[in-house]
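Chain by chain, the residues:
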Amino acid sequence: MNRELIAIGVALTTQCPYCLEVHTKKAKAAGATREQIVEAGMVAAGLRAGAAVTHTAMALRLFDEA
């Protein structure tokens, strides 16, 4: 699960929607929580500011749909 959360942080930083979709679904399947997705997003936001915040919203939507 931790690797997938890290991958979500990288996907948010690089703004790769396909990576975000794959790793968010894998993180959920591995037992990650919504709160952990948010935390990964906030870490990425510290690295890449505004763009990461908008992609976190996408990660949460994808998490809910999974």
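A. Molecular detail of the side chain of E4. Residue position: E4 is located in helix α1 (residues 2-14). Within the buried core, E4 has no salt-bridge partner, and the shortest N-O distance to an opposite charge, that of K26, equals 4.6 Å. In this structure, E4 is in contact with H23, K26 and A27, ignoring residues within four places of it in sequence.

B. Just a nonpolar patch on the surface, in detail. Where nonpolar side chains cluster on the molecular surface, the patch consists of V38, M42 and V53 and spans about 230 Å² of accessible area. Here V38 shows up in helix α3 (residues 34-65).

C. Here's a closer look at the confidence of the model for the chain. For the chain, per-residue confidence averages 92 on the pLDDT scale, and 100% of positions sit at 70 or higher. Taken element by element, the predicted model of the chain shows its lowest mean pLDDT in α3 (88) and its highest in helix α2 (residues 17-29) (97).

D. Examining α1 more closely. Compared with an ideal rise of 1.5 Å per residue, which puts 13 residues at 18 Å, α1 spans 18 Å between its outermost C-alpha atoms and is within 8% of the ideal. Three or more residues of α1 are buried, namely E4, L5, A7, I8, G9, A11 and L12. Lining the buried residues of α1 we find α2 and α3.

Analysis parameters
- Residues numbered from 1 in each chain as written.
- Predicted model: local features only at pLDDT ≥ 70, side-chain atom pairs only at ≥ 80, totals over all residues.
- Heavy atoms only, no water.
- Helix = DSSP H or I, 4+ residues; strand = E, 2+ residues; numbered from the N terminus.
- Buried < 20%, exposed > 50% of the residue type's maximum accessible area, 1.4 Å probe, protein only.
- Lys, Arg positive; Asp, Glu negative; His and termini not counted.
- Salt bridge = Lys/Arg side-chain N within 4 Å of Asp/Glu carboxyl O.
- Contact = heavy atoms within 4.5 Å.
- Patch = residues over 30% accessible without salt bridge, like charges linked within 9 Å, V, L, I, M, F, W, Y side chains within 5 Å.
- Areas by Shrake-Rupley, 256 points an atom, 1.4 Å probe, with all protein chains shown as cover.
- pLDDT = per-residue confidence, 0-100.
- Expected span 1.5 Å × (residues − 1).

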